[in-house]
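Chain and residue survey
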Amino acid sequence: MGPTVEVIETSELGDRSYVAHDGEVAVVIDPQRDVDRVESVLDEHGLTCEVVLETHIHNDYVTGGLELARRAGARYVVAAAEAVEFDRLPVADGDELQAGRMRIKVISTPGHTATHLAYRIDDGAGPAAVFTGGSLLFGSVGRTDLVDSERTEELTRAQFRSARRLAELNADSDRVYPTHGFGSFCSSGSATGGDHGTIGGERARNDALTEQDEDAFVTRLVAGLTAYPRYYAHMGARNRRGPGPIDLATPRPVEPDELRIRLDAGEWVVDLRDRAAYAAVHVGGTISIALGQQFSTYLGWLIPWGTSLTLIGETPEQVADAQRQLVRIGIDELDGAAIGTPESLADTDRVRSYPTARFTELATAQGRDGVVVLDVRRDDERASGAIAGSVHIPLHSLIERLQQIPEGQIWVHCASGFRASIAASILDRGGFDVVHVDDEYSWAVAAGLATGPAAVSRPHDR
């Protein structure tokens, strides 16, 4: 049967961690920062963790590998070529390790990062499990511009060769377990996602294996690279230093008077409620980032790194969920949290609202004087089509470019309403007259209001 593999999904970041085991001994691959989830899997199956493997120094999250290895007394395996500030078991291409009845073979797979490794784990009793990190995803490969933009072409060529090397060194029946490719900005190309994959299956569908021309592959992958979250710039350095344990203790409560002071000082106060509820009623000066799959990605992308952060939640459980998501990207300390409704947290004159609309309503309003349509999608989305006459400022640039927005009533849209909800709250905070277009862009295309693809193509476009 080969080793058993338990999947630990971190859907909020589009990543997966894995526990490979023989029924007694476990090997953990690319664990996230909140290692209690891994420990729960180990306990559930009665496993002893002997080895923790990192496929690469991660750019999209703070690793839990060092802390898990410390707590479990396990060997912590990181590429020998990586300069890190902690003790680890350094490995290189061709090295082999033993864990229980499992044999671990190290395969060098540069591309997603310069020192990237994949691991082939087998027990001699069935197909091997190949943990490919960001080198071979389901249907595509990892992006190659996160290490150094000047090395993008070099690393893209390395990625092409690494994917093909994995296909050559492993059998068609060997199972593929990528870390990225489930909505993560670390993926590139047409990653298909899914729960299962094999080397043979990837031979038939993967961009790097179906394309025989390296130059053509490089041109297509590089052309498809899009903007990625700003917080990525901090992850690599943090992971090389060696992250310590997390603290998920309840944040200090913030009472209404203190909340008012923080808002008056221009601090970041983020409301976790549903975007429709926020539009209907909210505390003026707050920012809406609804708690969900994309919460930490966009908060981490937009917030000035290291700034004070206060959360507003309807319940303590909602705040705890947000806190767990944030520690995964290195936002370890909250300045507090306020629990309650807008009406209970602020005086009446501080409670605000703004309207929401559909694209059909925008089509009717667009001809009126003073109506400004603001598109906050990324540049690559905009290039595929847009509403005629609309102003384009990507969400990740909006705060710095507020002065570029024309006067008038601002109708803000994205691909599905989520990013537009954040933008609407930022505009409201800045004193603009705003309408949140909470709708799928496909309806604008279908109605002839806009040009472009009629469907949202990737989870992080939303």
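I will try to describe carefully the structure that is included in this document. From a predicted model like this one, the values you see are computed outputs, not experimental measurements.

1. With respect to the overall build of the protein
Within the protein, the regular secondary structure consists of 17 helices and 22 strands. On the principal axes, the C-alpha backbone points of the protein span a range of 70 × 50 × 35 Å. Put simply, the protein has 462 residues, and 57% of those count as buried. A separation of at least 24 residues holds for 69% of the contacts in the protein among residues at least 6 apart in sequence. For the protein, the distance from the average site of its 44 positive side-chain charges to the average site of its 70 negative ones is 3 Å.

2. Thoughts on empty space enclosed by the protein
Think of a ball as big as a water molecule: rolled over the atoms, this probe shows where empty space is left. Evaluation of the coordinates by the stated rule reveals four cavities of 30 Å³ or more. There is about 50 Å³ of room inside the largest cavity. In this structure, the largest cavity is lined by Y298, W301, L302, V376, R377, R378, P394, L395, H396 and R419. Contributions of two or more residues to the lining of the largest cavity are made by α10 (295-302) and α15 (395-398). It is α10 that provides the largest number of residues to the lining of the largest cavity, a total of three residues. Here the lining of the largest cavity is composed, by residue class, of six nonpolar, one polar and three charged.

3. Let's talk about the pattern of salt bridges
Tallied over the full model, the rule gives 38 salt bridges. A salt bridge links R240 to E82, with the shortest nitrogen-to-oxygen separation between them at 3.2 Å. With a gap of 158 residues between them, R240 in helix α7 (residues 232-241) and E82 in the loop between β5 (75-79) and β6 (89-91) connect regions that are remote in the sequence. With relative accessibility at 32%, the residue R240 sits in the partly exposed group. R205 is the salt-bridge partner of E202, the closest N and O atoms lying 2.7 Å from each other. Here R205 and E202 lie together in helix α4 (residues 199-205), a separation of three residues that amounts to about one turn.

4. Structural notes on the sheet that holds strand β21 (residues 409-413)
By way of backbone hydrogen bonds, the strands of a sheet pair with one another, either parallel or antiparallel. Read across the open sheet, the five strands follow the order β18-β22-β21-β19-β20; overall the sheet is parallel. The sheet is open, and its two borders are formed by β18 (356-357) and β20 (391-392), each paired with just one other strand. The pairing of β18 with strand β22 (residues 433-437) spans two bridges and is classified as parallel. Paired with T356 across the strands is H436, a residue of β22.

5. Some remarks on the environment of F86
Following the sequence through the fold, F86 ends up in the loop between β5 and β6. Accessibility expressed as a relative area gives 12% for F86, which makes it buried. Taking the C-alpha atoms as reference points, F86 and G242, separated by 156 residues in sequence, lie 6.1 Å from one another. Once you skip the residues sitting within four places of it in the chain, F86 turns out to touch L66, Y76, V78, N239, R240, R241 and G242.

6. A look at the sheet that holds strand β15 (residues 309-313)
Ordered by their spatial adjacency, four strands build an open sheet running β14-β12-β15-β16, and the pairing between neighbours is parallel. Lying at the two open borders of the sheet, with one neighbouring strand each, are β14 (287-288) and β16 (337-339). Here strand β12 (residues 268-271) pairs with β15 via four bridges, running parallel. Following the sheet pairing, D271 is matched in β15 by I312.

7. Digging into the packing of aromatic side chains
Ring pairs (aromatic) are described by centroid distance and by the angle formed between their planes. By the definition in use, this model includes 13 aromatic pairs. With a centroid separation of 5.5 Å and an interplanar angle of 15°, the aromatic rings of Y298 and W301 are classed as stacked. Linking Y298 with W301, this pair stays in helix α10, spanning three residues, or about one helical turn. Taken individually, Y298 and W301 each receive the classification buried, so the pair is uniform in this respect. A network of ring pairs unites the aromatic residues F185, Y298, W301 and F418 as a single cluster. In this arrangement the basic side chain of R377 is found over the ring face of Y441, its NZ or CZ atom lying 4.2 Å from the centre.

Rules used in this analysis
- Throughout this document, residue positions are counted from 1 along each chain, in the order its sequence is written.
- Per-residue local features are limited, in this predicted model, to residues with pLDDT of at least 70; the limit for side-chain atom pairs, both in listing and counting, is 80 or more; totals at the level of whole chains, interfaces and linings are taken over all residues.
- Water and hydrogen atoms play no part in the side-chain values, which are based on all heavy atoms of the structure.
- For the purposes of this entry, the term helix denotes a DSSP run of H or I that reaches at least four residues, the term strand denotes a run of E that reaches at least two, and both are numbered from the N terminus.
- Note on classification: 1.4 Å probe, protein chains only; a residue is buried when its accessible area is under 20% of the maximum for its type, exposed when over 50%, partly exposed between these limits.
- The criterion used for residue contact is that any of the two residues' heavy atoms lie within 4.5 Å.
- Within this scheme the basic residues Lys and Arg register as positive and the acidic residues Asp and Glu register as negative, but His and the chain ends are omitted.
- Here the site of a charge means atom NZ of a Lys, CZ of an Arg, CG of an Asp or CD of a Glu.
- In this analysis, the protein atoms alone were mapped onto a 1 Å grid. Cavities are point sets where a 1.4 Å probe fits without being able to get out; pockets are open sets with protein on both sides within 12 Å along at least five of seven lines; lining residues have an atom within 4 Å of a point.
- Grid points are joined across faces, edges and corners, and a volume is the space filled by probe spheres set on the points.
- Each residue gets one label: Ala, Val, Leu, Ile, Met, Phe, Trp, Tyr, Cys and Pro are nonpolar, Asp, Glu, Lys and Arg are charged, and the others, such as Gly, are polar.
- What counts as a salt bridge is simple: a side-chain nitrogen of Lys or Arg found within 4 Å of a carboxyl oxygen of Asp or Glu.
- DSSP calls a pair of strands paired once it identifies at least 2 bridges connecting them.
- Side-chain rings of Phe, Tyr and Trp, where Trp is taken by its six-membered ring, are said to pair if the distance between their centres is within 6.5 Å; with planes under 30 degrees apart they count as stacked, over 60 as edge-to-face, and otherwise as tilted.
- Two limits define a charge over a ring: the Lys NZ or Arg CZ must be within 6 Å of the ring centre, and within 35 degrees of the ring normal.

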